[in-house]
Amino acid sequence: MDIEEFRCRGKEMVDYICSYLSNVDQKRVTPKVEPGYLRNLLPEEAPQDPEDWENIMRDVDDKIMPGITHWQHRRFHAYFPSGNSFPSILADMLSDAIGCIGFSWAASPSCTELETIVVDWLAKAIGLPKHFITSHQESAGGGVIQGSASECILVSMLAARNRAINYLKKFNPNTEDSAFLPKLVGYCSKEAHSCVEKAAKILLVNLRILDPDEHCALRGEKLRKAMEEDENDGLLPFFVSTTLGTTSSCSFDNLLEIGPLCREKSCTWLHVDGAYGGNALILPELKYLLKGMEYADSFNINANKWLLVNFDCSCLWVKSRKQLTHALVVDPLYLQHANAEETIDYRHWGIPLSRRFRALKLWFVIRKYGLTGLQSYIRNHIRLAKYFESLVLKDNRFEVVNNVKLGLVCFRIRASDTVNQNLLAIINASGKLHMIPSMVKGKYIIRFCVTNEHAKVEDIDQAWSIIEKHASRLIDMKDI
Ligand code: PLP
């Protein structure tokens, strides 16, 4: 493809995207295909010779699109939102065209510097403590963009592990690092995302998964008891992962109780996972949820969930950049450069060496919407979730099982788990609406998350009427 063909195909692709996004609501939300469907439609071997563009695009329509789950569909209410906006898509196009690999300042200075600036913008918009802001004079910390919340949590746990090993080494200088691993214990709630467990698995450390309270929040007393038990057994509590906006029920751990407890200990790193909920902290009326953040050693949000930025864009802030980079620095000659002393090399802040120019899309989105535009977008989702909650509450065949603070409502029919499983299965099979289940307080629940950028009251009405219609049929059939 030469540049003239690209110019032409690029314009066609923008048209294709516009018609896809304009018409996506006419399609089923979830595809009706069987596992392996694509293997029967595509050749066994890669083509030897170049193919025509038209043929490729025809196959997109005929073979790829039928297997797509449409996350941008108005009736998509599963998971959390997958950020998507035109400024972000355009910025990603530009980032792809620039094609730089910003592992160090020298590898592309604007890639590094823009990342520092936009992540600082966000930290200030959220109201994070000053020690998280790279440019603040008194700060020894800063922010970085990672590929996912899972990576943010993994590198935070890694930094905490490194710090804890160094602490234990002071008393046992001749012991091998790996010999300390069985002594290290981390904590999270049952409501924490499974990526915390995965991080502990990768890092070969113990993790205690604690029961939350009746509001699905991890509380100080529960944690204190677990830590003391472990200390009595000779273990070192080295890491606590808390969540602002859990995946199952959008609950909030109690940072004001947990924070001081971590601080009391000799070496306990407090991480706050705000993959979804953290984005909402740009709203002035939700700043109260930040209480206790001053105790955190690290905090992450996924701008690619709820700030209209396309995947991937997870922002991680750490209180001490040295503690993070100590765990990760490897410095071969071919990656060194003359300005390393006074610049940031983000390759030391994460696992991969190569890094995309992700800051560009965050910058485009913040500028094109402004903070007020992003605030209105999140506020609208919260308002619509409250509206959905009110519809559920009006029908006494149903119950709402979470405290609806943000855009997620967890509900169920007042019947057995099996009835609720059947309801969800029937709705999802209809292709008209997509939701996913979870377990909250020991019960099978259905999660309804507001996800569409332009969601309106009518969308919620339509979604509820689909749910209500299927529930009525099921209830009639089962006579419950
Ligand atoms: N933490 C929370 C609270 C989440 O909801 C999720 C995913 O939904 C994650 C972590 C994992 O996010 P990622 O897919 O970016 O690793």
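Because the structure is a prediction, the values reported are computed rather than measured. (Residues numbered from 1 in each chain as written. Predicted model: local features only at pLDDT ≥ 70, side-chain atom pairs only at ≥ 80, totals over all residues.)

Draft legend 1. Just the overall build of the chain, in detail. Each helix and strand in the chain was counted, giving 13 helices and eleven strands. The principal-axis extents of the C-alpha atoms in the chain amount to approximately 65 × 65 × 45 Å. The 480 residues of the chain split such that 42% are buried. Partitioning the intrachain contacts of the chain with sequence separation of at least 6 by distance along the chain shows that 72% fall at a separation of at least 24. (Helix = DSSP H or I, 4+ residues; strand = E, 2+ residues; numbered from the N terminus. Buried ≥ 20, exposed ≤ 12 C-beta atoms within 10 Å, placed from the backbone. Contact = placed C-beta atoms within 7 Å.)

Draft legend 2. Representation of the pairing of strand E10 (residues 436-440). Bridge analysis of E10 against strand E11 (residues 443-449) gives five bridges, and the strand direction is antiparallel. Note that in E11 the partner of Met-439 across the bridge is Tyr-444. Counted along the chain from E10 to the antiparallel partner E11, the turn is two residues long, and its residue Lys-441 has a positive phi close to 50°. (Pairing = 2+ DSSP bridges.)

Draft legend 3. Quick peek at the UniProt feature "modified residue: N6-(pyridoxal phosphate)lysine" (unreviewed entry) in the chain. Here the UniProt-annotated "modified residue: N6-(pyridoxal phosphate)lysine" (unreviewed entry) positions come out as Lys-305. The residue Lys-305 is located in helix H9 (residues 303-306) in this model. You can call Lys-305 buried: it has 25 C-beta atoms within 10 Å. (UniProt positions renumbered as here; feature names shortened; annotations may be inferred.)

Draft legend 4. Fine view of helix H11 (residues 359-394). Between its first and last C-alpha atoms H11 spans 44 Å; for 36 residues at 1.5 Å apiece the expected length is 52 Å, and the helix comes up short by more than 12%. At Gly-370, H11 is bent by approximately 85°, the largest bend along its length. (Expected span 1.5 Å × (residues − 1). Bend = angle between axes of the 7 residues up to and from the residue.)

Draft legend 5. Focus on the site of the ligand. Contacts to the ligand come from 14 residues, most closely from Ser-148, Ala-149, Ser-150, His-193 and Ala-275. Looking at the shell around the ligand residue by residue, the classes come out as five nonpolar, eight polar and one charged. (Near = placed C-beta within 6 Å. Nonpolar A, V, L, I, M, F, W, Y, C, P; charged D, E, K, R; others polar.)

Draft legend 6. Expanded view of the sheet that holds strand E1 (residues 142-146). As summarised here, the arrangement of the seven strands in space is E1-E7-E6-E5-E4-E2-E3, forming an open sheet in which the pairing is mixed. The strands lining the two open edges of the sheet, one partner per strand, are E1 and strand E3 (206-210). Between one strand and the next, the sheet's axes are offset by a mean angle of 20°, whatever the strand orientation. Here five bridges tie strand E4 (residues 236-243) to strand E5 (residues 269-274), and the two strands are oriented parallel to one another. (Axes fitted to C-alpha atoms, helices over the stretch in contact; angles between N-to-C directions.)

Draft legend 7. Quick peek at the packing of helix H5 (residues 149-171) against helix H6 (residues 194-203). One can describe the packing of H5 onto H6 by two numbers: an axis separation of 9 Å at closest approach and a directional angle of 45°. As summarised for this structure, H5 and H6 are arranged oblique, according to the angle between their axes. Considering only the axes of H5 and H6, their crossing is right-handed. Here H5 contributes Ala-149, Ser-150, Ile-153, Leu-154, Met-157, Leu-158 and Arg-161 to the contact with H6, which in turn contributes Cys-195, Val-196, Lys-198, Ala-199, Ala-200, Ile-202 and Leu-203. (Parallel < 35°, antiparallel > 145°, perpendicular 65-115°, else oblique. Left-handed = near helix turned anticlockwise from the far one by under 90°.)

Draft legend 8. Up close: the pairing of strand E6 (residues 298-302). Most of E6 sits out of view: five of its five residues are buried. Residues Ser-298, Asn-300 and Asn-302 point to one face of E6 and Phe-299 and Ile-301 to the other, with burial holding for every one of them. Pairing geometry for E6 and strand E7 (residues 314-318), over five bridges, is antiparallel. If you follow Ser-298 over to E7, its bridge partner there is Val-318.

Draft legend 9. Structural context of unusual backbone geometry. In this structure, Asp-312 follows Phe-311 across a cis peptide bond, with omega equal to 5°. Take Asp-312: it is sitting in the loop between H9 and E7. Although it is not a glycine, Cys-250 adopts a positive phi angle of roughly 55°. Of note, Cys-250 is situated in the loop between E4 and helix H8 (255-264). C-beta crowding within 10 Å serves as the criterion here: with 27 such atoms nearby, Cys-250 is assigned to the buried category. Look at Lys-441: it is not a glycine, yet its phi comes out positive at around 50°.

Draft legend 10. Quick peek at the sheet that holds E10. Read across the sheet, four strands follow the order E8-E9-E11-E10 without closing on themselves; strand pairing throughout is antiparallel. Two strands close off the open sheet at either side, each with one partner strand: strand E8 (398-400) and E10. When the angles between neighbouring strand axes are averaged without regard to direction, this sheet yields 40°. Taken together, the three bridges between E8 and strand E9 (residues 408-413) define a ladder with antiparallel strand orientation. The residue bridging Val-400 from the neighbouring strand is Phe-411, located in E9. Against the sheet, H11 engages E8, E9 and E11, with an angle of about 15° to E9. With respect to the sheet, helix H12 (residues 417-430) is in contact with E9, E10 and E11, its orientation differing from that of E11 by roughly 30°.

Draft legend 11. Structural view of the environment of Arg-321. Position of Arg-321 among the secondary structure elements: in helix H10 (residues 321-326). Residue classification places Arg-321 among the buried positions, given that 20 C-beta atoms sit within 10 Å. With 28 residues separating them in the primary sequence, Arg-321 and Trp-349 have C-alpha atoms 7.9 Å apart. Leaving out residues up to four positions away in the same chain, Arg-321 has contacts with Ala-140, Gly-141 and Gly-142.

Draft legend 12. Spatial organisation of the environment of Ser-104. Within the secondary structure, Ser-104 sits in the loop between helix H3 (86-98) and helix H4 (109-126). Taking C-alpha positions, Ser-104 is 8.9 Å from Leu-353, a pair spaced 249 residues apart along the chain. Setting aside anything within four residues of it in sequence, one finds Ser-104 in contact with Leu-335, His-337, Asp-345 and Arg-347.

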